[in-house]
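Coordinate inspection notes
Each chain, written out:
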Amino acid sequence: FVIIMSNFAVPKDLQKFVLSVGITVALVLRGMFILVGAAIISRFTWVFFLFGAFLIVTAIKLVAGGDEDEEYHENALIHALRKVIKITDEYDGEKLRTIKNGVKHWTPMLIVFLTIGTTDVMFAFDSIPAIFGLTKDPFIVFTSNVFALLGLQQLYFLLGELLDKLVYLPLGLSVVLGFIGAKLIMEALHGNSLPFLNGGQPISWVPEVPTWLSLVVIVLAIGGAALASVIKMRTMKANEK
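Residues numbered from 1 in each chain as written. Predicted model: local features only at pLDDT ≥ 70, side-chain atom pairs only at ≥ 80, totals over all residues. Heavy atoms only, no water.

A word on the overall build of the chain. Along the chain, the regular secondary structure elements total 8 helices and 2 strands. Taken from N to C terminus, the helices and strands of the chain fall in the order α-α-α-α-β-β-α-α-α-α. When the backbone C-alpha atoms are referred to their principal axes, the chain occupies close to 70 × 55 × 30 Å. Across the 241 residues of the chain, 37% fall into the buried class. (Helix = DSSP H or I, 4+ residues; strand = E, 2+ residues; numbered from the N terminus. Buried < 20%, exposed > 50% of the residue type's maximum accessible area, 1.4 Å probe, protein only.)

What follows is the structure, encoded as C-alpha cells:
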C-alpha cells in the first residue's frame, strides 16, 4: 500500500480517505474469496495439499529474498482500464469524476481504489490459506480479515515508517507460513481421500497440530523477528556513535 500511494502520488491529505475506500473494496473481494475457499475446502479436502505447498514455497521465497520487489507493477485489469476510459493526471479532491476542457474524465482516484483492492487480493492468496490452517469456520476467517484490515487502516502511517527498520520480519513471516503450510499438509493427510495415497484412506499416524501450538509459533516468530530487528537497529545506532 505504501508503494501504491507513492507510485500514484496520492496527496497526504487524501491518503486516509483513499485507504478507507480501498480497504472496503478489499474486504468485499476477500469476502468472495473466502466464501469460494470455504466451499472448496468443504468438498475437496485434498485442496489443503495445494494450500500447504503454496505457503511453503512462499516461505522459501521470503527467506531467499524473492518478495523484495520495491516497485509497483500495474496489473492487467488496471492496464486495460486505462485504454478504454479517459483518466486525468491530476486529482480533484475526493472526486472520482471531473470536467477537463468541457469533457468528463475519471480522476486517478478510481485507479488507486481499484489498485489497492485488487492488489490486496493478491496478498490474500497466501494469507487466507494460512488462516484456514487455523480454523475452517468462514465466519472467523472473514472477521479476522476485517480486524486485520481495520487495524492496518489505523496503523498504516506508523507501519510505513517501520517497515524498513524491521529487517528480520520477512524471516519471521517465512517461519509462520512454512509452519502453517506443513500443518495444512498434515491435515490433508488426516482427511486423505486421494486414491494413490494409502489407498484413499486417511493417514492416522500423522500427528495433529493443536491450535494453541500454532498461535505460540506465530507469536514467537513475529515477536522474535520484531525484537531482533529492534536490537539490531539499536546496535547499529550505538556503533555509529
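Moving on from the coordinates now.
In this section: the side chain of H105. By secondary structure assignment, the location of H105 is in strand β2 (residues 103-106). Within the local environment of H105, its side chain forms a polar contact with the backbone oxygen of V103, the two atoms lying 3.0 Å apart. With residues near it in sequence (within four places) discarded, H105 still touches K86, I87, T88, L96, R97, T98 and K100. (Polar contact = N/O pair within 3.5 Å; in protein donor to acceptor, adjacent residues only side chain to side chain. Contact = heavy atoms within 4.5 Å.)

What follows concerns the environment of I60. Here I60 lies in helix α3 (residues 47-64). Measuring from C-alpha to C-alpha, the distance between I60 and G178 comes to 7.8 Å, with 118 residues separating the pair along the chain.

Helix length check: helix α8 (residues 211-240) (30 residues) gives 44 Å between terminal C-alpha atoms against 44 Å at 1.5 Å per residue, within 8%. All of the buried residues along α8 are S214, V217, A221, A225 and S229. (Expected span 1.5 Å × (residues − 1).)

This part is about the pattern of salt bridges. By the definition in use, this model includes 4 salt bridges. One salt bridge connects K136 with E187, and the closest N-O pair in it is separated by 2.8 Å. Taken as a pair, K136 in the loop between α5 (108-132) and α6 (138-162) and E187 in helix α7 (residues 169-190) lie far apart in primary sequence, 51 residues in all. Owing to a relative accessible area of 47%, K136 belongs among the partly exposed residues under this scheme. Several salt bridges converge on common partners, so that one network encompasses K136, K183 and E187. (Salt bridge = Lys/Arg side-chain N within 4 Å of Asp/Glu carboxyl O.)

Our next topic: the pairing of strand β1 (residues 97-100). Across 4 bridges, β1 lies against β2 in antiparallel orientation. Considered in β2, the bridge of K100 is made with V103. (Pairing = 2+ DSSP bridges.)

When two helices pack together, their arrangement is given by the angle between the helix axes and by the axis-to-axis distance. Interhelical geometry of helix α2 (residues 12-43) versus α5 gives an angle of 40° and a closest axis separation of 7 Å. Taken together, the axes of α2 and α5 lie oblique to each other. The two elements α2 and α5 meet at a crossing, and its hand is right-handed. A breakdown of the residues in the contact of α2 with α5 according to their chemical character gives 22 nonpolar, 5 polar and 2 charged. (Axes fitted to C-alpha atoms, helices over the stretch in contact; angles between N-to-C directions. Parallel < 35°, antiparallel > 145°, perpendicular 65-115°, else oblique. Left-handed = near helix turned anticlockwise from the far one by under 90°. Nonpolar A, V, L, I, M, F, W, Y, C, P; charged D, E, K, R; others polar.)

Inspection of the entire model under this criterion finds 2 aromatic pairs. On the basis of an interplanar angle of 50° and a centroid distance of 6.4 Å, the ring pair of F48 and F51 is categorised as tilted. With F48 and F51 both in helix α3 and 3 residues apart, the pair spans about one turn of that helix. Like F48, the residue F51 is buried in the burial classification. Positioned above the aromatic ring of W106 is the side chain of R97, whose terminal nitrogen or guanidinium carbon lies 4.6 Å from the ring centre. (Phe/Tyr/Trp six-rings, centres within 6.5 Å; stacked < 30°, edge-to-face > 60°. Lys NZ or Arg CZ within 6 Å of the ring centre and 35° of its normal.)

The subject of this paragraph is the packing of α5 against α7. One can describe the packing of α5 onto α7 by two numbers: an axis separation of 9 Å at closest approach and a directional angle of 55°. With respect to α7, the axis of α5 lies oblique. For the element pair α5 and α7, the recorded crossing hand is left-handed. Contacts between α5 and α7 involve D126, P129, A130 and F132 from the former and L177, I180 and L184 from the latter. Partitioning the contact of α5 with α7 into residue classes produces 6 nonpolar, no polar and 1 charged.

Attention now moves to the side chain of S214. In this fold, S214 is placed in helix α8. Judged by its relative accessible area of 0%, S214 falls in the buried class. Among residues more than four places away in sequence, those in contact with S214 are L134, F179, K183 and V209.

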